[in-house]
Amino acid sequence: MGTVFPAFPIRQKESALSLEHSFYAVYGVELADADWLAVDEALEGRRRARDEGTGSVAGEDVQLFTVAGGGGPDRVVIGVAYEELAPGACRMIGDFLPSPERDKVLSAVVADLGYGTLAGPGWLVMHDWS
């Protein structure tokens, strides 16, 4: 029997604190010491350049994900693919395949943004409290 992700509830409201839980598998990288607003602006600039045909921006659309919880600062992840893990979900780790093409896209974007990475590129399982 293969290894599976544990089943997690998604967007479960905590009555006293009014928090939402979200669980995702994101093909991406976690950026080190990143300001999510600056990353968001830079990614939007890349999208505009690609859509207008200016610059040398090509490849998959890179999205911003922020992960809150644990009392520390939000963690900043950029990714090229994601899957929301539904309530009661149970997925095989083998379902989440590595992608050298996506690794290249993410590495190029990280280099353009000028941040270091804490994790990835690869599938990251994210639990967000917001």
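Criteria and cut-off values
Residues numbered from 1 in each chain as written. Predicted model: local features only at pLDDT ≥ 70, side-chain atom pairs only at ≥ 80, totals over all residues. Heavy atoms only, no water. Core = buried A, V, L, I, M, F, W, Y, C linked by side-chain atoms within 4.5 Å. Buried < 20%, exposed > 50% of the residue type's maximum accessible area, 1.4 Å probe, protein only. Helix = DSSP H or I, 4+ residues; strand = E, 2+ residues; numbered from the N terminus. Contact = heavy atoms within 4.5 Å. Phe/Tyr/Trp six-rings, centres within 6.5 Å; stacked < 30°, edge-to-face > 60°. Lys NZ or Arg CZ within 6 Å of the ring centre and 35° of its normal. Expected span 1.5 Å × (residues − 1). Arc of directions from axis to C-beta. Pairing = 2+ DSSP bridges. Axes fitted to C-alpha atoms, helices over the stretch in contact; angles between N-to-C directions.

### Regarding the nonpolar core
- In this structure, Leu31, Val39, Val62 and Ile78 are the most contacted members of the largest nonpolar core, which totals 16 residues.
- Listed by contribution, the elements that provide at least two residues to this core are strand E1 (21-31), helix H1 (36-52), strand E3 (75-84) and helix H2 (100-113).
- With five residues, H2 is the single largest residue contributor to this core.
- In contact with valine 62, not counting residues within four places along its chain, are Leu43, Arg47, Ile78, Gly79, Val80, Val105 and Val109.

### Some words on the packing of aromatic side chains
- Here the structure, examined in full by the defined rule, presents four aromatic pairs.
- With a centroid separation of 5.3 Å and an interplanar angle of 90°, the aromatic rings of tyrosine 27 and tryptophan 123 are classed as edge-to-face. Here tyrosine 27 is found in strand E1, whereas its partner tryptophan 123 is found in strand E4 (residues 117-129), with 96 residues between them in sequence.
- The partly exposed category is assigned to tryptophan 123, whose relative accessible area is 22%.
- Consider the rings of phenylalanine 96 and tryptophan 123, whose centres lie 5.0 Å apart with planes at 70°: the pair is edge-to-face. Here phenylalanine 96, found in the loop between E3 and H2, pairs with tryptophan 123, found in strand E4; they are 27 residues apart in sequence, far enough to count as distant.
- Exposure remark for phenylalanine 96: the relative accessible area of 8% places this residue in the buried category.
- Ring pairs connect the aromatic residues Tyr24, Phe65 and Tyr82, which therefore count as one cluster.
- Cation over ring: arginine 102 sits above tyrosine 27, and NZ or CZ is 5.9 Å from the ring centre.

### A few points about H2
- The end-to-end C-alpha separation of H2 is 20 Å, in line with the 20 Å expected for 14 residues at 1.5 Å each.
- For H2, the complete set of buried residues consists of Val105, Leu106, Val109, Val110 and Leu113. Taken around the axis of H2, the buried residues stretch over an arc of 130°, which confines them to a single face. Structural note: H2 exposes Glu101, Lys104, Ala111 and Asp112 on the side pointing more than 90 degrees away from its buried face.
- Against E1, H1, E3 and E4 lie the buried residues of H2.
- Positive backbone phi, at 80°, marks glycine 114, one or two positions downstream of H2.

### Some thoughts on the sheet that holds E1
- In spatial order, the strands read E2-E3-E1-E4; together these four strands make up an open sheet with antiparallel pairing. Edge positions in the sheet fall to strand E2 (63-67) and E4, since each of these pairs with one other strand and no more. The sheet shows a mean angle of 50° between the axes of neighbouring strands, direction not considered.
- Sheet topology note: the E2/E3 ladder contains five bridges and is antiparallel. Bridge pairing links phenylalanine 65 to valine 77 in E3.
- Along the sheet face, H1 touches E1, E2 and E3 and points at about 165° away from the line of E2.
- Along the sheet, H2 contacts E1, E3 and E4; its crossing angle with E3, the most-contacted strand, is approximately 155°.

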